[in-house]
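Each chain, written out:
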Amino acid sequence: MSNSVKPKALFAGKVYGQCTFWIGVVGLAIGLIGMILSFAGVNPYFDNQALLDGLWAGHRAPTIWAEATGREFQPGHWYLSRLGFSDGIAMLGIAIACLAAVIGIWVATLGMVMKKREPGFFVVLGFILALLLTLSVTGILSG
Amino acid sequence: MSLLLMTGALAAGADPVEVSDSVGPSAIHPLLFCLLLFLGCTIIGFFATLGGIGGGVIFTPLFMGFTPIDSYIIRTTGLFVAMAGTLVASRPFLYKGIANIRLLLFAALPYTLFAVVGALLAGHIDRTMGAEGEAFIRGALGLVVIGFGGLFIVFGGRTEYPRAGKVNGLAKKVELPVPYWEESLEEVVRYKLSRVARGLLILALVGTISGLFGIGAGGAVVPVFNLVMLAPLKVAATSSTVMISLGDTAAVWPYILGGGMFPLVAVPCMAGMLLGAHVGARVMLRIKAGFVRWIIIALMIAAGIRLIVQALGML
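A quick note: this is a predicted structure, and the numbers were derived from the prediction, not measured.

Draft legend 1. Structural context of the overall build of chain A. Helix and strand content of chain A: five helices and zero strands. Seen in sequence order, chain A has helices and strands lined up from the N terminus as α-α-α-α-α. Computed over its C-alpha atoms, the radius of gyration of chain A comes to 20 Å, more than 25% above the 15 Å expected for a compact globule of 143 residues. Seen along its three principal axes, the alpha-carbon backbone of chain A occupies a region of about 65 × 30 × 30 Å. A total of 143 residues make up chain A; the buried ones form 50% of that total. Nonlocal contacts in chain A, meaning residues at least 24 apart in sequence, comprise 61% of its contacts between residues at least 6 apart. When the accessible area of chain A is evaluated, it comes to approximately 6,400 Å², of which 69% is carbon and sulfur surface. Chain A carries 9 positive and 6 negative side-chain charges, and their two centres are separated by 28 Å.

Draft legend 2. Examining the environment of Val 154 of chain B more closely. Along the polypeptide, Val 154 of chain B turns up in helix 6 (residues 130–154). Separated by 69 residues in the primary sequence, Val 154 of chain B and Pro 223 of chain B have C-alpha atoms spaced 9.8 Å apart.

Draft legend 3. Examining the packing of aromatic side chains more closely. In total, this model carries 18 aromatic pairs over all chains according to the counting rule given. Ring centres 6.0 Å apart and planes at 85 degrees place the aromatic pair Trp 78 of chain A and Tyr 79 of chain A in the edge-to-face group. The exposure classification of Trp 78 of chain A matches that of Tyr 79 of chain A, with both residues buried. Judged by centre distance (5.7 Å) and plane angle (50 degrees), the ring pair of Phe 121 of chain A and Phe 106 of chain B falls under tilted. Separated into two different chains, Phe 121 of chain A in helix 5 (residues 120–138) and Phe 106 of chain B in helix 5 (residues 101–128) make up a pair that spans both. For Phe 121 of chain A, a relative accessible area of 31% translates into the label partly exposed. Taken together, the ring pairs in this structure connect Tyr 45, Phe 46, Trp 65, Phe 73, Trp 78, Tyr 79 and Phe 85 of chain A together with Phe 262 of chain B into an aromatic cluster. Between the NZ or CZ atom of Lys 14 of chain A and the centre of the ring of Tyr 95 of chain B, over which it lies, the distance is 5.5 Å. Taking NZ or CZ as reference, Lys 115 of chain A lies 4.8 Å from the ring centre of Phe 11 of chain A, over its face.

Draft legend 4. Focus on the domain arrangement of chain A. Residue and element names in this part refer to chain A. Under the domain assignment, chain A is made up of domain 1 (11–34 + 86–143) and domain 2 (46–81). Summarising the inter-unit geometry, the C-alpha centres of domain 1 and domain 2 are found 28 Å apart. Across the boundary between the two partners, domain 1 contributes seven residues, which contact six residues of domain 2. Interface of domain 1 and domain 2: buried area, both sides summed, is about 510 Å²; carbon and sulfur atoms make up 66% of it. At the boundary of domain 1 and domain 2, one finds zero salt bridges. Put simply, domain 1 and domain 2 have two residue pairs in polar contact (both at pLDDT 80 or more) between them. For the side of domain 1 that touches domain 2, the elements supplying multiple residues, two or more each, are helix 4 (86–115) and helix 5. Among the elements that make up the side of domain 1 that touches domain 2, the one with the highest residue count is helix 4 (five residues). The residue inventory of the side of domain 1 that touches domain 2, partitioned by class, reads four nonpolar, two polar and one charged.

Draft legend 5. The pattern of salt bridges, seen in detail. Residues and elements named next belong to chain B. On inspection of all chains with the given rule, the structure shows one salt bridge over all chains. When the shortest N-O distance is used, the salt bridge between Glu 182 and Lys 234 registers 2.8 Å. Highlighted residues: Glu 182 in strand 1 (residues 180–182) and Lys 234 in helix 10 (residues 233–257), separated in sequence by 52 residues. Given the relative accessible area of 36%, Lys 234 is considered partly exposed.

Draft legend 6. Highlighting helix 9 (residues 218–228) of chain B. Residue and element names in this part refer to chain B. Counting buried positions over the 11 residues of helix 9 gives 10, a clear majority of the element. What helix 9 keeps buried is the set Gly 218, Gly 219, Ala 220, Val 221, Val 222, Pro 223, Val 224, Phe 225, Asn 226 and Val 228. Residues of helix 9 that are buried in the fold lie against helix 5, helix 6, helix 8 (196–213) and helix 10.

Draft legend 7. Expanded view of the state of the cysteines. For the structure on display, the rule yields zero disulfides over all chains. Between Cys 19 of chain A, a free cysteine, and Cys 98 of chain A, which holds the nearest cysteine sulfur, the sulfur-to-sulfur gap is 16 Å. Cys 19 of chain A sits in the buried class, given a relative accessible area of 16%. Left without a disulfide partner, Cys 98 of chain A is nearest to the cysteine sulfur of Cys 269 of chain B, which lies 13 Å away.

Draft legend 8. Summary view of the interface of chain A and chain B. Listed per partner, the contact involves 76 residues of chain A and 78 residues of chain B. Put simply, chain A and chain B have zero salt bridges between them. Inspection of the chain A/chain B interface yields six residue pairs in polar contact (both at pLDDT 80 or more). Elements supplying a minimum of two residues to the side of chain A that touches chain B: helix 1 (11–39), helix 2 (48–56), helix 3 (61–69), helix 4 and helix 5 of chain A.

What counts and what doesn't
- Residue numbers restart at each chain and count upward from 1, following the sequence in its written direction.
- Starting at A for chains and at 1 for ligands, labels are handed out in the order in which the entities are written.
- Local features in this predicted model are restricted to residues of pLDDT 70 or higher, and side-chain atom pairs are both shown and tallied only at a pLDDT of 80 or more, whereas totals for entire chains, interfaces and linings draw on every residue.
- The basis for every side-chain value is the complete set of non-hydrogen atoms in the structure, without hydrogens or water.
- In DSSP terms, a helix is any run of H or I states spanning at least four residues, a strand is any run of E spanning at least two, and both are numbered starting from the N terminus.
- The reference for a compact globule is 2.2 Å times residues^0.38; the radius of gyration itself is calculated from the C-alpha atoms.
- Note on classification: 1.4 Å probe, protein chains only; a residue is buried when its accessible area is under 20% of the maximum for its type, exposed when over 50%, partly exposed between these limits.
- Any two residues whose heavy atoms approach within 4.5 Å at even a single point are treated as in contact.
- In these tables, accessible area is a Shrake-Rupley quantity obtained with a 1.4 Å probe, and a residue counts as shielded only by the protein chains included in the view.
- Residues scored as charged are limited to Lys and Arg (positive) and Asp and Glu (negative), so that His and the chain ends carry no count.
- The atom standing in for a charge is NZ when the residue is Lys, CZ when it is Arg, CG when it is Asp and CD when it is Glu.
- Working definition: rings of Phe, Tyr and Trp (its six-membered ring) pair if their centres are within 6.5 Å, and the pair is stacked with planes under 30 degrees apart, edge-to-face with planes over 60 apart, and tilted otherwise.
- Counted as over-ring charges are cases with an Arg CZ or a Lys NZ within 6 Å of the ring centre that also lie within 35 degrees of the ring normal.
- Domain limits in this description derive from either an automatic procedure or a database domain assignment.
- Throughout, buried area stands for the accessible area (probe radius 1.4 Å) lost by two parts on being put together, summed over both.
- One speaks of a salt bridge when a side-chain nitrogen belonging to Lys or Arg is within 4 Å of a carboxyl oxygen belonging to Asp or Glu.
- In protein, a polar contact means a hydrogen-donor-capable atom and an acceptor-capable atom, both N or O and within 3.5 Å, with residues adjacent in sequence counting only if both atoms are side-chain atoms; elsewhere, any N or O pair within 3.5 Å suffices.
- Ten residue types, Ala, Val, Leu, Ile, Met, Phe, Trp, Tyr, Cys and Pro, are classed as nonpolar, four, Asp, Glu, Lys and Arg, as charged, and the remainder, Gly among them, as polar.
- Here, a disulfide means two cysteine sulfur atoms that sit within 2.5 Å of each other.

Rendered as structure tokens:
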């Protein structure tokens, strides 16, 4: 290859970049909308003043949950069953942003499989990484 | 300066070392708290970008050192803001082919795996070790942050296009280096990689630190790629950004599922950090920002000393 001919960027990288950018932006936008609704008083799940009081007092997360929601924290994807609350929507947005890289690596790996241009070694690496991230999201790796 | 005033005001509200038994009335409204967080994180994002590092490595030590908020919540938010920034920043690097997707897939495996181990360890310490665990986290983070500050000083000697003496056999066999188009030279840059196994071992350690302390750790990943594995600086910096998006995603979920993420804290921090980084990237093209690096180093060392003092006070 000549030194003056621009090499093409690898397909897997381009796909990963597009996925993470757009899913991340959508997640962050939903998070902002949820917070605006929360401050507008549209069915908030947390008592924001109690939450702030707990943060200010240096309380641990489970204590703050109990003070700000009146319920004990249940580990896991709590927001999925509380999407009718503005804070549930805000947390859904955060979760979508946190899923961007997981979806991105799955799509990039499937892209590598379909295009058949990348050495199999990187397909296997992509698959292991995608699996690792999925296990983390589902809580199987989260203890 | 606004950030310091804000964090000073927060620190005046309660001593993070002493956790009070009852909830007292806060001095500020939640909306004002959000706006202050947004402003503080905009400033952090701005200066971090001018200094050429990710925001997480400044956010976590500063907020742990100078606010009364519980460290588990700060570390959750720190990982989230570090990850959110890299999600948005990765696209142009990958589209232009500067970030090496093969190198980052290869290096992301130990980094991600050990970032999860670090996050699980953080959860275990938080649940079982009480004040001693908190003292350990603060003291160790203080040392790590001072170490990172030292790394930034040493990293002044980074190499734009390092030459690999002995080429790594595995890297060559799997075609790890991918040539890229360098705009400033108007030519294709081809490079070789060296000491890959050593680099992966160090990345596993950096991943553990990132997951345990809730920092992005890009400041440590770039020297590993550039000075240990001898990738060109641009490839090292851009591949590090993309790799952190993977590693921090895996590490942030144990924190989220453990209840450390509150939208009231995370959303304004994330929005401020992205805005600050965006403005910083534009300003960086027009000014000489060398002095900013020294401000960041001073801030990190100050936060590190403060964390160590807090840790000693808790023992």
